[in-house]
Amino acid sequence: KFCADFVSTVFSRAASKDGMNGVDPDGFDSKVIFSYVKQHPQYTLVGIQPGVYIIGIKDQFNLYDCEAHPLHEILQYAADEVGFILFDKKNTKSVDEFGPYFFEQYL
């Protein structure tokens, strides 16, 4: 259910003009009570489309696990915290095109 809701939200936001479908981001009322992020976190970053990424624990999104993931059809690439590319559907090497070397990932 969560994955289906996530995908529908991503695609509906991409289709809207303002990117938020009229939702006020201040209305989410979120706050961090305690952060478990350590000084040198180990993570996996998955790119879905420009502006939409998923951060997972180390090795959560590797080449083999992504095949069985509920979002496998929309996952475009995965990189770890060092920048190693774990998989890339498009095999892009450009900083101007969405992919593991796209400049947005490093901002």
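Everything that follows concerns the structure shown earlier in this document.
Residues numbered from 1 in each chain as written. Predicted model: local features only at pLDDT ≥ 70, side-chain atom pairs only at ≥ 80, totals over all residues. Heavy atoms only, no water.

1. Observations regarding a nonpolar patch on the surface
A grouping of Ile33, Phe34 and Tyr36 is seen on the molecular surface, where their side chains present a nonpolar patch of about 480 Å² in accessible area. Within the secondary structure layout, Phe34 lies in the loop between α1 (2-15) and β1 (43-49). A relative accessible area of 58% means that Phe34 is categorised as exposed. (Patch = residues over 30% accessible without salt bridge, like charges linked within 9 Å, V, L, I, M, F, W, Y side chains within 5 Å. Areas by Shrake-Rupley, 256 points an atom, 1.4 Å probe, with all protein chains shown as cover. Salt bridge = Lys/Arg side-chain N within 4 Å of Asp/Glu carboxyl O. Helix = DSSP H or I, 4+ residues; strand = E, 2+ residues; numbered from the N terminus. Buried < 20%, exposed > 50% of the residue type's maximum accessible area, 1.4 Å probe, protein only.)

2. Re the packing of aromatic side chains
Counted by the stated rule, this structure contains two aromatic pairs. Taken together, a centroid distance of 6.2 Å and an interplanar angle of 45° make the contact between Tyr53 and Phe98 tilted. Highlighted residues: Tyr53 in strand β2 (residues 52-57) and Phe98 in the segment after β4 (85-88), separated in sequence by 45 residues. Given a relative accessible area of 23%, Tyr53 falls into the partly exposed group. Phe98 sits in the buried class, given a relative accessible area of 12%. An aromatic cluster is defined as three or more aromatic residues linked by ring pairs; in this entry it consists of Tyr53, Tyr77 and Phe98. (Phe/Tyr/Trp six-rings, centres within 6.5 Å; stacked < 30°, edge-to-face > 60°.)

Functional significance is not addressed by these values, which are geometric in nature.
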